Amino acid sequence: MRLILVAIYLVLYTIISIPLYLVLFFIGKRSPERKALISQKIVIYCGFKPILRISGVKLTVKGTENIIRDHAALYVYNHRSYFDVLVGYSTAPYPTAFIAKKEIGKIPMVSRWMKFMNCLFLDRDDVKQGLQTILQGIELMKSGTSIYIAPEGTRNASDELLEFHEASFKLAEKSKCPIVPVALNNTDAVFEQHLPWIRSAHVIIEYCEPIYMDQLERSEKKRIGKTVREVLTERVAANRAEV
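Residues numbered from 1 in each chain as written. Predicted model: local features only at pLDDT ≥ 70, side-chain atom pairs only at ≥ 80, totals over all residues. Heavy atoms only, no water.

(A) Expanded view of the sheet that holds strand 1 (residues 57-62). Ordered by their spatial adjacency, seven strands build an open sheet running 1-7-6-2-5-3-4, and the pairing between neighbours is mixed. Bordering the open sheet on either side are strand 1 and strand 4 (120-122), each of which pairs with just one other strand. Each strand axis lies, on average, 20° off the axis of its neighbour in the sheet, ignoring direction. Examined bridge by bridge, strand 6 (residues 179-185) and strand 7 (residues 201-207) share four bridges and lie antiparallel to one another. Bridged to Ala183 within strand 7 is Glu206. Contacts between helix 5 (residues 127-142) and the sheet are confined to strand 2 (74-77), strand 3 (96-101), strand 4 and strand 5 (146-149), with strand 4 contributing the most and set at about 155° to the helix. (Pairing = 2+ DSSP bridges. Helix = DSSP H or I, 4+ residues; strand = E, 2+ residues; numbered from the N terminus. Axes fitted to C-alpha atoms, helices over the stretch in contact; angles between N-to-C directions. Contact = heavy atoms within 4.5 Å.)

Written out as structure tokens, the structure is:
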């Protein structure tokens, strides 16, 4: 039943989106920054939050004091589900962009809204294109847009986090922005654990204490991926008993 309701809502959202595309197109001509901000608010309040409610997601947010709102940050999360993006965006500061795999960019409605919000699409099989995406992300962060990224590179159904791609952390190092580890629990219980059905679930998202790259020793910077992975491993394990 929840799957059917979500599908109906997505159809309605798509219909409503058609005139909004045109309005945002003209707003973007004058102010790309305003276009991205308005797009994020529309997606969150008209898209993601209603879908979370329809899906029966009970969301617990921890560590809101660690969300950085006055400048950009790199939000690094463990990747469990498609619902990670809905939960992340529903709690993220403005403006925020996600880095997603290139396949997402082929979904018409989704890719259009993501581009409006300055999201980037990463080709994991093309090193040159991947580097270009990272460079674009660095410029976005320098201009004040926070970025959400999953260094595991793919959804992970295991309790043990996959190894992190160290290149992801160049975004923070080169932009001189802090890293905020984001621990997600139970997002896969909404959908992936019982495909194709959607089930209600208690989801926890925890924003951990920021890590400032410019305060680290050179040796610590080289292992920043391992450090963040250890933080997320500990917080995911600690929150597991609550879901």
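(B) Up close: the side chain of Ser39. Tracing the chain through its elements places Ser39 in helix 2 (residues 32-54). Contacts of Ser39, omitting those with residues within four sequence positions, involve Leu24, Trp113, Phe116 and Met117.

(C) Layout of the packing of helix 1 (residues 2-30) against helix 4 (residues 108-116). Two elements in contact, helix 1 and helix 4, have axes whose closest approach is 11 Å; the angle formed by their N-to-C orientations is 40°. Relative to helix 4, the element helix 1 lies oblique. For the element pair helix 1 and helix 4, the recorded crossing hand is left-handed. Note on element contacts: helix 4 touches helix 1 through Met109, Arg112, Trp113 and Phe116, opposite Leu10, Tyr13, Thr14, Ser17, Leu20, Tyr21 and Leu24. (Parallel < 35°, antiparallel > 145°, perpendicular 65-115°, else oblique. Left-handed = near helix turned anticlockwise from the far one by under 90°.)

(D) Structural view of the environment of Met141. With respect to the element layout, Met141 can be found in helix 5. With a relative accessible area of 2%, Met141 lands in the buried category. Each C-alpha atom, one on Met141 and one on Leu171, is 7.7 Å from the other, the two residues being 30 residues apart in sequence. Discounting chain neighbours no more than four positions away, the residues touching Met141 are Ala72, Ala73, Leu74, Ile147, Leu171, Ser175 and Cys177. (Buried < 20%, exposed > 50% of the residue type's maximum accessible area, 1.4 Å probe, protein only.)

(E) Molecular detail of helix 4. For helix 4, the full list of buried residues reads Met109, Ser111, Trp113, Met114 and Phe116. One or two residues past the end of helix 4 sits Asn118, with phi positive at roughly 70°.

(F) The side chain of Ser81, seen in detail. Positionally, Ser81 belongs in the loop between strand 2 and helix 3 (83-91). Overall, the relative accessible area of 0% leaves Ser81 in the buried class. Among the polar contacts listed, one links the side chain of Ser81 to the backbone nitrogen of Phe83, at a separation of 2.9 Å. What Ser81 contacts, discounting residues up to four positions off in sequence, is Arg155, Thr187, Asp188 and Glu192. (Polar contact = N/O pair within 3.5 Å; in protein donor to acceptor, adjacent residues only side chain to side chain.)

(G) Inspection of the pattern of salt bridges at higher detail. This structure, assessed with the given rule, holds eleven salt bridges. Between Lys170 and Glu173 there is a salt bridge, with the nearest N and O atoms lying 3.5 Å from each other. Highlighted residues: Lys170 and Glu173, both in helix 6 (residues 170-175), separated by three residues, approximately one helical turn. Each of the salt bridges in this network shares a partner with another, and the network as a whole consists of Glu160, Glu163 and Arg229. (Salt bridge = Lys/Arg side-chain N within 4 Å of Asp/Glu carboxyl O.)

(H) Molecular detail of the packing of aromatic side chains. Taken as a whole, this structure holds 13 aromatic pairs when the rule is applied. When the ring of Phe164 is compared with that of Phe169, the centres are 6.4 Å apart and the planes differ by 25°; the resulting orientation is stacked. Note on Phe164: relative accessible area 9%, which makes it buried. Given the relative accessible area of 2%, Phe169 is considered buried. Three or more aromatic residues joined by ring pairs form one cluster here, namely Phe48, Tyr75, Tyr77, Tyr89, Phe98, Tyr148 and Tyr207. One cation-aromatic arrangement involves Lys41 over Tyr94; the distance from NZ or CZ to the ring centre is 5.5 Å. Residue placement shows Arg112 over the ring face of Tyr21; its charged tip is 4.7 Å from the ring centre. (Phe/Tyr/Trp six-rings, centres within 6.5 Å; stacked < 30°, edge-to-face > 60°. Lys NZ or Arg CZ within 6 Å of the ring centre and 35° of its normal.)

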